[in-house]
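The primary structure of each chain is shown beneath.
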Amino acid sequence: MRMNNWTRRRAVLAGIMAGMAPAAFGQSAPREAEGGIGGTGIVGLLTDFGSLIVAGVQVAQDDSTEYTNAFGRFSADALRRGDSLTIEARQTAAGLLASRVHVTNPLVGMVESLVAAENRLRINGVSVVAENGSAGLAVGDRVTVSGVWRAGRVIASRFSAAQDVDDMIAGDVTRGFGAVRIGGVDVRASGTLQLQSGSYAEARGQYDMDRGRFQASDLSAGRFTGAAGPLEALHVEGFLDPINMAPGFRVAGLGHSFARGLVLAPYAEGRTLFEGPYTGRFAAAKATRLPADSGARRVLLRRLSQNRG
């Protein structure tokens, strides 16, 4: 989809999406507060290859595409289906082309506890639900978790052996009572005073199970880097979390707020794909409810990406 078509298509998309009323929104203050930069921001799980299929869109790569995670650069060959990705893409005549592909793992750490019968784990003090099962995992394993945040826990799509000695946590920042939390976990580090509530941050370091807090040696703020230019649109797969600011919800773990005039309550309970312009806030113009079953969700997201042509 060409970015210069978004303005014209917003009215059409609004009619498709029941209960949602996109509104024009000022840019300067929200953009400064949230640090939103990029071209097209795409956030979700890697559904398939043949270009990268993420959040219902196909994104091509070339020799200029940069691949990163919280620990540095890596090879495109290391990508696996189910990885949590943040992509910054620019529009070309052939479609979207990735400038940067960032593997956005919510957690890297040791399995503290495991209830195999319920596919529930605890890592870095965070409850994790393994949507595709927890076979092969054991207490004491150090793992990298892919997935999405929901109500303070992670719905995990994939586990792999941790490749670094550091632990990591990445997600929404909350501040209050003298504490700074990422994903609900108390984080101690120099630089936390600069983090704003509702923003996105990644912390590397060590999780202290005895104290229930994360001691960060390295802290990175913001989801997008500007690799593809000013952010004009978002495609985001995730769950809504309630907040005490209009419009009453945000996408868990995203770090960017919705335009205030949207009606989001109909999408509060399930996984949803949100799409639309970014105008300093996420002026989502279309929502697609996604199946809870990962196989059915993969089929739907592939179909959506193919239908975009």
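Residues numbered from 1 in each chain as written. Predicted model: local features only at pLDDT ≥ 70, side-chain atom pairs only at ≥ 80, totals over all residues. Heavy atoms only, no water.

Right, let's talk about the overall build of the protein for a bit. From N to C terminus, the protein includes three helices and 22 strands. Long-range contacts, defined as pairs at least 24 residues apart, comprise 61% of the intrachain contacts of the protein with a sequence gap of at least 6. In the structure as shown, the protein presents an accessible area of about 13300 Å², 49% of it carried by carbon and sulfur atoms. (Helix = DSSP H or I, 4+ residues; strand = E, 2+ residues; numbered from the N terminus. Contact = heavy atoms within 4.5 Å. Areas by Shrake-Rupley, 256 points an atom, 1.4 Å probe, with all protein chains shown as cover.)

As a further point, take the pattern of salt bridges. For side chains of opposite charge, pairing can occur when their charged atoms come near one another. Here the structure, examined in full by the defined rule, presents 17 salt bridges. The salt bridge involving Arg 271 is made with Glu 131; its shortest N-O contact spans 3.6 Å. One end of the pair, Arg 271, is in the loop between strand S20 (249-251) and strand S21 (272-277); the other, Glu 131, is in the loop between strand S10 (126-130) and strand S11 (142-150), with 140 residues separating them in the sequence. Given a relative accessible area of 24%, Glu 131 falls into the partly exposed group. We note a salt bridge from Arg 211 to Asp 208, for which the minimum N-O separation is 3.9 Å. For Asp 208, a relative accessible area of 26% gives the class partly exposed. (Salt bridge = Lys/Arg side-chain N within 4 Å of Asp/Glu carboxyl O. Buried < 20%, exposed > 50% of the residue type's maximum accessible area, 1.4 Å probe, protein only.)

Moving on, we get to empty space enclosed by the protein. Counted according to the given criterion, the structure contains one cavity of 30 Å³ or more. Size it by volume and the largest cavity reaches roughly 180 Å³. Only strand S1 (40-48), strand S6 (84-92), S11 and strand S18 (233-238) provide two or more residues apiece to the lining of the largest cavity. Of the residues contributing to the lining of the largest cavity, the split by class is 11 nonpolar, seven polar and two charged. (1 Å grid on protein atoms, 1.4 Å probe; cavity = no way out; pocket = protein on both sides within 12 Å on 5 of 7 lines; lining within 4 Å. Points joined across faces, edges and corners; volume = space filled by probe spheres on them. Nonpolar A, V, L, I, M, F, W, Y, C, P; charged D, E, K, R; others polar.)

What follows covers the pairing of strand S16 (residues 200-208). Of all nine residues that make up S16, seven are buried, and the element is covered over most of its length. Pairing of strand S13 (residues 167-176) with S16 involves six bridges; the strand directions are antiparallel. Counterpart to Met 168 in the pairing with S16 is Arg 204. Linking two consecutive strands that pair antiparallel, namely S16 and strand S17 (residues 213-221), is a turn of four residues; a positive phi of about 65° is found at Gly 212 within it. (Pairing = 2+ DSSP bridges.)

Moving on to the side chain of Asn 105. Within the secondary structure, Asn 105 is located in the loop between strand S7 (95-103) and strand S8 (107-115). Look at Asn 105 and you get buried, because its relative accessible area is 8%.

Another aspect to go through is the nonpolar core. Judged by nonpolar contacts, the single largest core of 28 residues is most densely connected at Leu 107, Val 128, Val 145, Phe 159, Ile 169 and Phe 214. With sequence-adjacent residues up to four places away left out, Val 128 is seen in contact with Leu 107, Asn 119, Arg 120, Leu 121, Ile 123, Val 145, Val 154, Ala 156 and Phe 159. Core analysis: the second largest hydrophobic core is formed by 21 residues, Val 59, Leu 85, Ile 87 and Leu 304 among them. (Core = buried A, V, L, I, M, F, W, Y, C linked by side-chain atoms within 4.5 Å.)

Extensive coverage of S11 is indicated by the burial of seven of its nine residues. In this structure, S8 lies alongside S11, joined through four bridges in antiparallel fashion. Note that in S11 the partner of Gly 109 across the bridge is Val 143. Relative to strand S12 (residues 153-161), S11 is paired through eight bridges, and the arrangement is antiparallel. Within the sheet, the bridge partner assigned to Gly 147 lies in S12 and is Ala 156. Between the end of S11 and the start of S12, which pair antiparallel, lie two residues, with Ala 151 showing a positive phi angle near 50°.

The next point concerns the packing of aromatic side chains. Working definition: an aromatic ring pair is given by the centre-to-centre distance plus the angle between the planes. Counted by the stated rule, this structure contains four aromatic pairs. Centroid distance Tyr 67 to Phe 74: 6.2 Å. Interplanar angle 65°. Geometry classified as edge-to-face. Among the residues examined, Tyr 67 registers a relative accessible area of 11% and is labelled buried. Relative to Phe 274, the ring of Phe 258 has its centre 5.3 Å away and its plane inclined at 70°; by these criteria the two rings are edge-to-face. Residue Phe 258 is located in the loop between S20 and S21, and its partner Phe 274 is located in strand S21; the two are separated by 16 residues in the primary sequence. Assigned by exposure class, Phe 258 and Phe 274 land together as buried. Following the ring pairs from residue to residue traces out a cluster consisting of Phe 258, Tyr 267, Phe 274 and Phe 282. The cationic tip of Arg 223 hangs over the ring face of Tyr 200; the distance from NZ or CZ to the ring centre is 4.3 Å. (Phe/Tyr/Trp six-rings, centres within 6.5 Å; stacked < 30°, edge-to-face > 60°. Lys NZ or Arg CZ within 6 Å of the ring centre and 35° of its normal.)

The analysis is restricted to geometry; functional conclusions fall outside its scope.
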